[in-house]
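Okay, here's what each chain looks like letter by letter:
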Amino acid sequence: MARFTPSFLEEIKERIPIADVVGRRVTFDKRKSQPAKGDFWACCPFHGEKTPSFHCENSKGRYHCFGCGVSGDHFRFMTELDGISFPEAVERLANEAGVPMPISDPKAIEREKQKATLFDVMELAAKFFQDALQTAAGATARSYLRDRGLSQAVQNHFGLGYAPQSRNALKEFLASKNIPKEQIEACGLVVHGPDIAVSYDRFRDRIMFPITDPRGRVIAFGGRALSSDVPAKYLNSPETELFSKSNVLFNLGNARRAAAKSGTMIVAEGYMDVIAMHAAGIEHAVAPLGTALTPNQLNMAWKSVGEPVLCFDGDEAGLRAAHRSIDVALPALVPGRSMRFALLPQGQDPDDVIRQSGVEALKTVLNEARPLADMIWSRETGGKIFDTPERRAELEANLSAVTKSIQNEAVRRHYEQDMRDRLSGFFGSEEASASGRSQAGGRRNTQQNARRGRFQAGQFQRGAATNRRFAVSDTLMNSPLVKRQSALPPLRETALVITIANHPAVGIAFFEEFCELEFEHPWLKKLAGTILDVFASHAAEPVPPTLAEMRDALLQAGHETELKSLENQVQANRIWQALPESAFEDARDGWKQAYGLHLRARSLNREMKAAEEALAQESTQRNYDRLLQIQRELADSEGTEALIEGFGIPSGRPSRSF
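Below is a summary of the structure that appears in this document. Just so it is clear, the model here is predicted, and its values are computed rather than measured.

Things to note about helix 4 (residues 86-97)
Argument step 1. With 12 residues, helix 4 should reach 16 Å at 1.5 Å per residue; the first-to-last C-alpha distance of 16 Å fits that figure.
Argument step 2. All of the buried residues along helix 4 are Ala-89, Val-90, Leu-93, Ala-94 and Ala-97. The buried residues of helix 4 occupy one face: seen down the axis, they fall within an arc of 130 degrees.
Argument step 3. Taken from the residues just after helix 4, Gly-98 is the one with a positive phi, measuring 75 degrees.

Concerning the sheet that holds strand 10 (residues 234-236)
Hydrogen bonds along the backbone pair up the strands of a sheet, which may run parallel or antiparallel.
Argument step 1. The strand order across the open sheet formed by four strands is 5-8-9-10, and the pairing between neighbours is antiparallel. Whereas interior strands pair on both sides, the edge strands pair on one side only; in this sheet they are strand 5 (161-163) and strand 10. In this sheet, adjacent strand axes meet at a mean angle of 35 degrees when their direction is disregarded.
Argument step 2. The pairing of strand 9 (residues 218-225) with strand 10 spans three bridges and is antiparallel. Across the sheet, Gly-223 pairs through a bridge with Leu-235, a residue of strand 10.
Argument step 3. The sheet strands contacting helix 11 (residues 271-279) are strand 8 (206-212), strand 9 and strand 10, and the helix crosses strand 10 at an angle near 105 degrees.

Here we look at unusual backbone geometry
Argument step 1. Unlike most non-glycine residues, Asp-205 shows phi in positive territory, near 50 degrees.
Argument step 2. With respect to the helices and strands, the residue Asp-205 is situated in the loop between strand 7 (200-201) and strand 8.
Argument step 3. We classify Asp-205 as buried; its relative accessible area is 16%.
Argument step 4. A positive phi angle, close to 75 degrees, is found at Asn-251, a residue other than glycine.
Argument step 5. Asn-251 gets classed as buried once you look at its relative accessible area, which sits at 5%.

A look at the packing of aromatic side chains
Argument step 1. Under the definition given, this model contains 25 aromatic pairs.
Argument step 2. Ring centres of Trp-41 and Phe-66 lie 5.8 Å apart, and the angle between their planes is 25 degrees; this geometry places the pair in the stacked category. With Trp-41 in strand 1 (residues 39-42) and Phe-66 in the loop between strand 3 (62-65) and strand 4 (71-72), this residue pair connects regions lying 25 residues apart in the sequence.
Argument step 3. A relative accessible area of 16% places Trp-41 in the buried class.
Argument step 4. The class of Phe-66 is exposed, set by a relative accessible area of 57%.
Argument step 5. Arranged with centres 6.0 Å apart and planes meeting at 15 degrees, the rings of Phe-158 and Phe-250 form a pair that is stacked. Of this pair, Phe-158 sits in helix 7 (residues 152-158) while Phe-250 sits in the loop between strand 10 and helix 10 (252-262), and the two are 92 residues apart along the sequence. Assigned by exposure class, Phe-158 and Phe-250 land together as buried.
Argument step 6. Grouped by ring-pair contacts, the aromatic residues Phe-128, Phe-129, Phe-173, Phe-203 and Phe-221 constitute a single cluster.

Some points on the nonpolar core
Argument step 1. Core analysis: the biggest nonpolar cluster contains 62 residues, and Leu-189 and Phe-221 have the highest contact counts within it.
Argument step 2. The element that contributes the greatest number of residues to this core is helix 5 (residues 106-133), accounting for 10 residues.
Argument step 3. Core analysis: the next-biggest nonpolar cluster, separate from the first, contains 41 residues, Met-265, Ala-301, Ile-326 and Leu-343 among them.

What counts, and where the lines are drawn
Residues numbered from 1 in each chain as written. Predicted model: local features only at pLDDT ≥ 70, side-chain atom pairs only at ≥ 80, totals over all residues. Heavy atoms only, no water. Helix = DSSP H or I, 4+ residues; strand = E, 2+ residues; numbered from the N terminus. Expected span 1.5 Å × (residues − 1). Buried < 20%, exposed > 50% of the residue type's maximum accessible area, 1.4 Å probe, protein only. Arc of directions from axis to C-beta. Pairing = 2+ DSSP bridges. Axes fitted to C-alpha atoms, helices over the stretch in contact; angles between N-to-C directions. Contact = heavy atoms within 4.5 Å. Phe/Tyr/Trp six-rings, centres within 6.5 Å; stacked < 30°, edge-to-face > 60°. Core = buried A, V, L, I, M, F, W, Y, C linked by side-chain atoms within 4.5 Å.

Note that every value here comes from positions in space, so none of it alone points to a role or purpose.
Below is the structure:
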């Protein structure tokens, strides 16, 4: 046993769920087991029983019988039940996991001992960064974290810190603790090499995120630059004895415990997404570290839950990442193991959704995550035209190639049947028959009307319009055009109303423009109506209503909850000019800018509806491209307030933009 290092044994267990080992010798109880949570029960193979009391749990990699008391891990199960030696059990599982057997080498054993010391060095570095965050030099970092809505409790939970703007602050601190330079270099904390005369701190002027292994030990760091003129906004530790980024999921240790309760695990794109979700109460999220999801990382998620939810931005880059994940997952699919996909509104990450629409909107997206089969279909069909037999045959061939990559025979058979069913429904036989074509004129109008109604309701089947020649892409399906209304109103409309509520004088200055505004969200309709009533009651007075009078009127009208939520929305998005403490001049300029852009967005929405109808009537590439162009213009109009010289000076917040 001495020649097997703990890290080697842990890697085997990380790659093979213990249920796979146990399941070869027992039959799991279907009623009591919960495969999605990696939780299984069976009759104990070590003693005779009729009621299942033998339990194994993938997240812990352990088994235990509540009847006879036996317990252990993968290797012990094989040695005690099969009667083989420990080295033989290790060798069998290592071959299965694809982990090369180690060569018996005293040097390797010595390196394993040194790794234990490196963990101590990383803990010291983490403490140094955490302390630096609370110093005067960390003020900018603290302000950034506060603006991102990360409470002190969240910062402490993730051990966030700050790397000072210094080439040797960390190096000197570790040297003062008698840490040899070889260990500092081995941890990847400094940049060094034959061409570098004096090593220097790798992380400088960055917010620091400790990266831990499943046991909670710090193995690496991620750093976000506070300055905008550095080459890399995010910087991770290099590969070291402790850290291999393709074999690590950020926050896995904490997320596994939360996933056991929720029954699911979210795989986000980056660690800021994970932290933002945790701050909003979604604690079962993990993320790869600057790389596409790897097979090892997927296996780590599968050890906790049978169907993790992969959460991606709904834009083209996010879809490419989602599609790469499909290719990673397909060969490894087995009964009870798959994944689902949650595509966020275009151009938004989880933090954006939470800030603009509330955490319930994000939970809705996650709860509506799409099955893997659905994503495969939309990837192969989205945005393409199948108006010739050759193109339809090509689609059929592509789908066949995809399903053939599934190694498990049973799963592959069901995917092949699923794709055949989709092809049959997509192309259909109605329009293919000669007799059907002779009656196409009258039927076409009926189909177009039905199609138009479904599109306007946002109910197009993803990846497949009702026309057999054209398929709608996921980029379009994740656009604001077909996304349902969020829990909170559009941010700019909220700013228009809240600014008037907090600055009645601005409402008087733009009274006619405010009267003409039309809001669809019920909260804004009610607030705007009450505000106009307040203005009407003060029409005979020489001065506008005060902030106190406006606030009292809104509260008496029962708008306290809505007012608080909307003010939190603008505050979370740092639209400070809409808040009461801003100067009149800044509130006025901000409202005028938002109003102009609101009119532009309304015009684009009208063009969008016209393009939508054109696409519903004639599903051509030209109409589709026109719709996407308008959608992009509408997205570009968000957050494009013009620069104004001197903006913010009256409020003591000088800036050239808002």
